[in-house]
Amino acid sequence: MFHFHAQRFLVTNCIQWVWGCIRRLETCGFKVLAVTCDGASSNRTFMKLHQSGDNLTYKTINPYANEDRPLFFISDPSHLIKTVRNCWANSYGHSYTRKLKINGQDISWQHLVDLYKAHRGPDCATLGLSILPKLKWEHIELNSYSKMRVDLAAQVLSTTVAEAFAYENSLHTKETERFVRIFDKFFDLMNTRNTKEFVLKRKPNLAPYINNPETEERLKWLQDVFLPYLDEWEAYAHAQEHLSSAEQIKLCLSQETLQGLRITVHAFIELVRYLLKQPRVVYVLSAKLSQDCVESFFGKQRMRGGYCENPNVSSFISEAQSLRVQSSTAIQPRRGNCRLRVVDDVCIDDRPLPKRKRISKKK
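The model shown is predicted, which means the values in this text are computed figures rather than measured ones.

Student: I'd like a rundown of the overall build of the chain, residues and numbers included.
Tutor: Helix and strand counts for the chain stand at 14 helices and five strands. Out of the 363 residues in the chain, the part that is buried amounts to 43%. Pairs at least 24 residues apart make up 66% of the contacts formed inside the chain by residues separated by at least 6 positions. Carbon and sulfur atoms make up 54% of the accessible area of the chain, which amounts to about 21,900 Å² in all.

Here it is, written out as structure tokens:
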């Protein structure tokens with residue numbers, strides 16, 4: 001893993017580092033297809049600097065490629081699902097900076113709170129069977145740490161929650177139910193991890209992408225259903241002429257989130273179609289395009305640092321070298337903001353060690 005040190009993070013430095021890495025990788029025979037990053041302002045500026053006339057920049061020319069092969073930009077889907085959840089949480093809840101609405105109906109966080117309390121009791125401690133088995137109070141009352149956890153966002157924007165809204169069958173939560181279903185499917189399509197998970201979880205959207213009609217159907221859903229849903233929502237917000245521009249913005253997801261979603265979907269569709277045309281590609285796992293591996297690496301760094309929350313350059317390099325030596329046997333962080341990956345080739349034997357025989361002293 002390459003890492004660079006600087007006193008200040010400038011976009012000009014980022015361009016030099018990224019393209020320097022791409023040049024070295026292409027020279028060594030690797031084919032670089034995509035660059036994944038989160039939604040930081042510097043990363044968005046980095047993408048805009050490659051703009052070639054279009055309003056949305058999701059790919060650029062790779063000058064170091066031997067063939068006609070573009071370089072795609074992808075905003076980390078795990079980061080996007082957190083920002084979507086955070087926008088929903090701030091809609092009539094938490095900081096109250098959003099008033100999400102589409103087709104005349106609110107998409108309110110209070111809908112989820114009421115649903116949770118209805119099935120957990122007024123004191124949120126009802127035991128027994130529940131149609132929301134995974135939801136806990138930490139999903140509802142977010143803090144600075146829980147806002148960074150992907151698993152909490154994915155469990156809130158899930159089919160289970162959507163089915164709970166459908167079970168209640170309330171007219172004023174129909175758009176909230178639709179919102180949850182759409183983003184649950186989006187995250188599943190962007191989070192295929194292996195070739196068996198979709199069978200175990202009975203979710204076809206988690207199946208790997210192979211060259212068949214089902215894959216093309218899922219890509220068309222992203223293009224013909226998901227992207228028009230975002231356009232419809234944004235158009236509805238701007239159509240409310242009786243509101244000021246500041247109030248109109250509050251009716252929809254943040255502009256940074258909308259831009260990241262569009263960039264990721266456009267890049268992902270073209271990238272999957274390109275890969276499946278290659279002769280040696282059998283299937284594509286969309287989770288490989290996320291930055292969970294980077295999040296896990298920094299989680300291990302924080303674990304090794306202990307109480308040192310601000311490591312310097314020398315300590316970071318030292319810990320990075322230790323993690324390279326340990327390789328896959330390094331313990332993954334339990335309190336990280338990405339899901340744990342199961343490592344199959346590490347065997348832990350908890351059998352007790354044989355005891356030494358006592359040698360009796362001769363009298």
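Resuming the write-up.
Student: Give a description of helix α7 (residues 159-168) that names residues and reports values.
Tutor: Within α7, burial applies to Val161, Ala162, Ala164 and Phe165. The arc that holds every buried residue of α7, seen down its axis, measures 155°, which confines them to one face. Positive backbone phi, at 55°, marks Asn169, one or two positions downstream of α7.

Student: An account of the nonpolar core is needed here, citing residue identities and associated values.
Tutor: Within the largest apolar cluster, 77 residues are counted, with the highest numbers of intra-cluster contacts made by Trp88, Phe179, Phe183 and Phe226. For this core, the element with the most residues is helix α12 (residues 255-276), which contributes 11 residues. Phe183 has contacts with Ile81, Val84, Leu157, Phe226, Tyr229, Leu230, Leu253 and Leu261, leaving out every residue within four places of it along the chain.

Student: Before we move on, can you summarise the packing of helix α10 (residues 213-238) against α12 with the specific residues and values?
Tutor: At a minimum axis distance of 11 Å, the contact between α10 and α12 shows a crossing angle of 160°. What the angle tells us is that α10 and α12 run roughly antiparallel. You can see that α10 and α12 cross each other, and the crossing is left-handed. The segment α10 lies against α12, with Thr215, Glu216, Leu219, Lys220, Leu222, Gln223, Phe226, Leu227, Leu230, Asp231 and Glu234 engaging Gln255, Leu258, Leu261, Arg262, Val265, His266, Phe268, Ile269, Val272, Arg273 and Leu276. When the residues that make up the contact of α10 with α12 are grouped by side-chain class, the tally is 12 nonpolar, four polar and six charged.

Student: Explain the pairing of strand β1 (residues 34-37) to me, and be specific about the residues and the numbers.
Tutor: Sheet faces and side chains relate simply in a regular strand, where the side chains alternate between the two faces. Side chains of β1 alternate between two faces, with Val35 and Cys37 buried and Ala34 and Thr36 left unburied. Strand direction decides the pairing type here: β1 and strand β3 (residues 70-75), joined by four bridges, are parallel. Bridging across to β3, Cys37 finds its partner in Ser75.

Student: Kindly report on unusual backbone geometry, identifying the contributing residues and their values.
Tutor: Its identity as a non-glycine residue notwithstanding, Asn103 has a phi of 55°, on the positive side. The residue Arg202 is not glycine, and still its phi comes out positive at about 55°. Its place among the elements puts Arg202 in the loop between α9 (197-200) and α10.

Student: So, the sheet that holds strand β2 (residues 59-61): which residues are in play, and what are the values?
Tutor: The mixed open sheet is built from three strands, whose spatial order is β1-β3-β2. Each of the sheet's edge strands pairs with one partner strand only, and the pair in question is β1 and β2. For this sheet the average axis-to-axis angle between neighbouring strands, irrespective of direction, equals 20°.

Student: Give me the side chain of Thr264: which residues, what numbers.
Tutor: Mapped onto the elements of the fold, Thr264 is located in helix α12. The exposure class assigned to Thr264 is buried, which follows from its relative accessible area of 0%. If near-sequence neighbours (up to four positions away) are discounted, Thr264 is found in contact with Ile74, Ser75, Pro77, Leu80 and Met190.

Student: Hey, could you go over the pattern of salt bridges for me, with residue numbers and the actual values?
Tutor: All told, the structure shown has 19 salt bridges when counted by the stated rule. One salt bridge connects Arg262 with Glu234, and the closest N-O pair in it is separated by 2.7 Å. One end of the pair, Arg262, is in helix α12; the other, Glu234, is in helix α10, and 28 residues separate them in sequence. Residue Arg262 shares its accessibility class with Glu234, and that shared class is buried. Each of Glu26, Lys31, Glu67 and Arg69 takes part in salt bridges that share partners, so that together they form one network.

Student: Describe the packing of aromatic side chains, and please don't skip the residues or the numbers.
Tutor: Scanning all chains against the criterion turns up 13 aromatic pairs. Centre to centre, the rings of Phe179 and Trp233 are 5.8 Å apart; their planes meet at 80°, and the pair counts as edge-to-face. Remark: Trp233 occurs in helix α10 and Phe179 occurs in helix α8 (residues 174-189); sequence separation between them is 54 residues. Taken as a pair, Phe179 and Trp233 share a single burial class, namely buried. When the ring of Phe186 is compared with that of Phe226, the centres are 4.7 Å apart and the planes differ by 5°; the resulting orientation is stacked. In this pair, Phe186 is assigned in helix α8 and Phe226 in helix α10, connecting sequence segments 40 residues apart. According to the relative accessible area criterion, Phe226 is buried, its value standing at 0%.

Student: For a nonpolar patch on the surface, give the residues involved together with the corresponding values.
Tutor: Side chains of Ile210, Val282 and Tyr283 sit close together on the surface and give an oily, nonpolar patch of about 280 Å² of accessible area. Mapped onto the secondary structure, Val282 falls in the loop between α12 and α13 (292-305). Look at Val282 and you get exposed, because its relative accessible area is 63%.

Cut-offs and rules
Residues numbered from 1 in each chain as written. Predicted model: local features only at pLDDT ≥ 70, side-chain atom pairs only at ≥ 80, totals over all residues. Heavy atoms only, no water. Helix = DSSP H or I, 4+ residues; strand = E, 2+ residues; numbered from the N terminus. Buried < 20%, exposed > 50% of the residue type's maximum accessible area, 1.4 Å probe, protein only. Contact = heavy atoms within 4.5 Å. Areas by Shrake-Rupley, 256 points an atom, 1.4 Å probe, with all protein chains shown as cover. Arc of directions from axis to C-beta. Core = buried A, V, L, I, M, F, W, Y, C linked by side-chain atoms within 4.5 Å. Axes fitted to C-alpha atoms, helices over the stretch in contact; angles between N-to-C directions. Parallel < 35°, antiparallel > 145°, perpendicular 65-115°, else oblique. Left-handed = near helix turned anticlockwise from the far one by under 90°. Nonpolar A, V, L, I, M, F, W, Y, C, P; charged D, E, K, R; others polar. Pairing = 2+ DSSP bridges. Salt bridge = Lys/Arg side-chain N within 4 Å of Asp/Glu carboxyl O. Phe/Tyr/Trp six-rings, centres within 6.5 Å; stacked < 30°, edge-to-face > 60°. Patch = residues over 30% accessible without salt bridge, like charges linked within 9 Å, V, L, I, M, F, W, Y side chains within 5 Å.

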